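The chain contents come next:
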Amino acid sequence: ARRVLVANNGIIGDLDLRGQYDGERVETLTASGRFDDTAAGSFAVNLSPTNGGPRTLKADLTELGRALSALDIYDRMDGGRTTLDARLASDGAMTGRLIATDFVLSGERSLAQLIPTTNRALDEDGRNPLPLSFRAGNNGDGLPFERLMINFRKNGGRIVVEEAILRGTVVGGTANGTIDLDRQQMNIAGTLIPAYGVNNLFGRLPILGGILGGGNKGGLIGVTFRLTGDIENPTLVVNPISAIAPGIFRRIFEFPAAN
């Protein structure tokens, strides 16, 4: 097909779609095209069986943000070169990993709530040096991120985020929990880490990094949080006490997330 309309106003140009259906499920599939009919929206998807095992799904997108917007899923992400590597069981359940790099989030309400709340907790902690707090102007034009990695399981409309790691110079974090696409509900818990590039250095120190920084995915200073409720407008709960608990001790204040 030359051009296909998707969602409300999304367009896929130069769509090439081929597959094989065995009467019960799609056995093989290859798809390629361009979201918004532009080179920046190029994507390629391949679903193929393995010998006696689950089907494998691989995808490569030039800009994840453009794809999500075209499909009317999420419209606050710009950029994001993305790869997806997953396996599909016979019942359709999916297990995989998504990695997105070099993107910007603009107008993300969850971050807009988290950052000032975290600022207050960090500013009340006299140990916190100025560079490790979110300062005015950091997020006015969107927050840039270097990398997002998500290990997940998906069954129907329910996604279990087993581990998510977000890295950016202004902010980073870790999270896990569930997202119910059918009910448009979420339950995500994690730790927000300010000035991730600098803060995370403490987590990379041999031996002491595991104690002071909580390991190479964490940081010396961070605030635990939980987001629950409606995906578009979740309820935010932050534990300010966690801001003064370094590294491994911060786990005491983590919120449990449903699995």
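Since the structure is predicted, the reported quantities are computational estimates derived from the model, not experimental observations. (Residues numbered from 1 in each chain as written. Predicted model: local features only at pLDDT ≥ 70, side-chain atom pairs only at ≥ 80, totals over all residues. Heavy atoms only, no water.)

Some thoughts on the overall build of the chain
Rule in force here: A helix here means a DSSP run of H or I that spans at least four residues, while a strand means a run of E at least two residues long, and both kinds are numbered starting from the N terminus. Burial classes follow relative accessibility: with a 1.4 Å probe on protein chains only, a residue under 20% of its type's maximum area counts as buried, one over 50% as exposed, and anything between as partly exposed. Residues are treated as being in contact if the distance between any of their heavy atoms lies within 4.5 Å. In this description, accessible areas are obtained by the Shrake-Rupley approach with a 1.4 Å probe, and a residue is regarded as covered only by the protein chains that are shown.
From N to C terminus, the chain includes four helices and 13 strands. Within the span of the chain, comprising 259 residues, buried residues form 43% of the whole. Within the chain, contacts between residues separated by at least 24 positions form 48% of all contacts whose residues are at least 6 apart in sequence. Counting every atom, the chain has about 13500 Å² of accessible surface; 54% of that belongs to carbon and sulfur.

Quick look at the packing of aromatic side chains
Applicable threshold: Classification of ring pairs rests on two measures: the distance between centres of Phe, Tyr or Trp rings, Trp counted by its six-membered ring, which must be within 6.5 Å, and the angle between planes, read as stacked under 30 degrees, edge-to-face over 60 and tilted in between.
Per the counting criterion, the structure on display carries two aromatic pairs. Look at Phe 35 and Phe 43: their rings are 4.7 Å apart centre to centre, the planes differ by 35°, and that puts the pair in the tilted class. Residues Phe 35 and Phe 43 agree in their burial class; the two are buried.

Examining the confidence of the model for the chain
The condition is simple: Summary of the metric used: pLDDT quantifies the predictor's per-residue confidence within the range 0 to 100.
Looking at the chain, the pLDDT average stands at 76 and 68% of residues meet or exceed 70. Taken as a whole, residues 244-255 scores under 50 in pLDDT and shows 38 contacts with residues more than four places along the chain or in a different chain.

Digging into the environment of Met 186
In this fold, Met 186 is placed in strand 11 (residues 185-194). Each C-alpha atom of the pair Met 186 and Arg 226 lies 9.9 Å from the other, and the pair is 40 residues apart in sequence. Beyond its immediate chain neighbours, meaning those up to four positions away, Met 186 contacts Thr 178, Ile 179, Leu 227, Thr 228, Gly 229, Asp 230, Ile 231 and Pro 234.

Some remarks on the side chain of Thr 82
Using the following cut-off: Here a polar contact is recorded for every N or O atom pair within 3.5 Å, except that within protein the pair must consist of a potential hydrogen donor and a potential acceptor, and residues adjacent in sequence are included only if both atoms are side-chain atoms.
Summarising the element assignment, Thr 82 is placed in strand 6 (residues 77-88). For Thr 82, a relative accessible area of 1% gives the class buried. Of the polar contacts made by the side chain of Thr 82, one reaches the backbone oxygen of Gly 80; its length is 2.8 Å. Non-local contacts of Thr 82, meaning those with residues more than four positions away in its chain, are made with Ala 59, Asp 60, Leu 61, Leu 64, Leu 98, Ile 99 and Ala 100.

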